[in-house]
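Each chain, letter by letter, is given below.
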Amino acid sequence: MSDRGEGAGEGAPGESDPGGRLSAEAERLCDEARKGIRLADRRARLWAVIDVVLGFPAALLAAVSGAAGLATADARVPAALLALVSAGLSAGAGFLRSDDRRVAHKRARTAWAALEGEAVVVLADGRLDEEGLRRLFGLRQAALAAYEGDPA
């Protein structure tokens, strides 16, 4: 009977139950990191597509409108319309800052991957303590902050 009670978790507060809670929290952070990686990847690809969809036609239309405007006097009105469309696409690309957003999502993807890697190591090691969990939460905070600002 004494074998059951010693260190089994019931009579030893702070040993087995907190370890289980810490591991569960580390697993939750690992899952969140995996979702963050997938989301950041998808968003980086989306912003890359938006950057090309707005930027390439704007450049092409600007060149065509310039050439058409110089070709003949009759082509000035269509050239002006092409130039306006090109300016609108350029303004949209500048307003959306798609390249900056793509870079931010790539930076966030790297930060989420660092969190996932650390969580996997900590869980595989099996010796998770409060300091390790604090380190994981610090990496989570860095991943969330990676969407904004300059890379640190």
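As shown above, the structure is provided for reference.
Summarised in this report is the structure supplied together with it. Small disclaimer: the values here were computed from a predicted structure and weren't measured. (Residues numbered from 1 in each chain as written. Predicted model: local features only at pLDDT ≥ 70, side-chain atom pairs only at ≥ 80, totals over all residues. Heavy atoms only, no water.)

### Some points on the overall build of the chain
Reasoning step 1: Counting secondary structure elements, the chain contains five helices and zero strands.
Reasoning step 2: The order of α-helices and β-strands along the chain, N terminus first, is α-α-α-α-α.
Reasoning step 3: The burial tally for the chain puts 23% of its 152 residues in the buried class.
Reasoning step 4: Excluding contacts between residues fewer than 6 apart, the proportion of contacts in the chain whose partners are at least 24 apart in sequence is 82%.
Reasoning step 5: When the accessible area of the chain is evaluated, it comes to approximately 10,000 Å², of which 59% is carbon and sulfur surface. (Helix = DSSP H or I, 4+ residues; strand = E, 2+ residues; numbered from the N terminus. Buried < 20%, exposed > 50% of the residue type's maximum accessible area, 1.4 Å probe, protein only. Contact = heavy atoms within 4.5 Å. Areas by Shrake-Rupley, 256 points an atom, 1.4 Å probe, with all protein chains shown as cover.)

### Some remarks on unusual backbone geometry
Reasoning step 1: Notably, R97 is not glycine yet its phi reads approximately 50°, a positive angle.
Reasoning step 2: Here R97 shows up in the loop between α3 (76-96) and α4 (98-125).
Reasoning step 3: The class for R97 is partly exposed, based on a relative accessible area of 44%.

### What about the nonpolar core?
Reasoning step 1: With 17 residues, the main nonpolar core has W112, L115, L128, L133 and L136 as its most contacted residues.
Reasoning step 2: Those elements giving two or more residues to this core turn out to be α2 (16-71), α4 and α5 (130-145). (Core = buried A, V, L, I, M, F, W, Y, C linked by side-chain atoms within 4.5 Å.)

### A few points about α4
Reasoning step 1: Between the first and last C-alpha of α4 there are 40 Å, a value that for 28 residues agrees with the 40 Å anticipated at 1.5 Å per step.
Reasoning step 2: Along α4, the residues classified as buried are S98, A104, H105, R107, A108, A111, W112, L115, A119 and V122.
Reasoning step 3: Two residues or fewer after α4 comes G126, characterised by a positive phi angle close to 80°. (Expected span 1.5 Å × (residues − 1).)

### Some remarks on the pattern of salt bridges
Reasoning step 1: As enumerated under the stated definition, the model contains 11 salt bridges in all.
Reasoning step 2: In this structure, R34 and D31 form a salt bridge, with 3.5 Å as the shortest nitrogen-oxygen distance. Of the two residues, R34 and D31 both sit in helix α2, three residues apart, roughly one turn of that helix.
Reasoning step 3: We classify R34 as partly exposed; its relative accessible area is 34%.
Reasoning step 4: Residue E131 pairs with R134 through a salt bridge whose shortest N-O separation is 3.9 Å. Pair noted here: E131 and R134 are both in helix α5, with a separation of three residues, about one helical turn.
Reasoning step 5: For R134, a relative accessible area of 51% gives the class exposed. (Salt bridge = Lys/Arg side-chain N within 4 Å of Asp/Glu carboxyl O.)

### Describing the side chain of S86
Reasoning step 1: Tracing the backbone shows S86 in helix α3.
Reasoning step 2: Not counting the four nearest positions on each side in its chain, S86 is found in contact with A58, L61 and A62.

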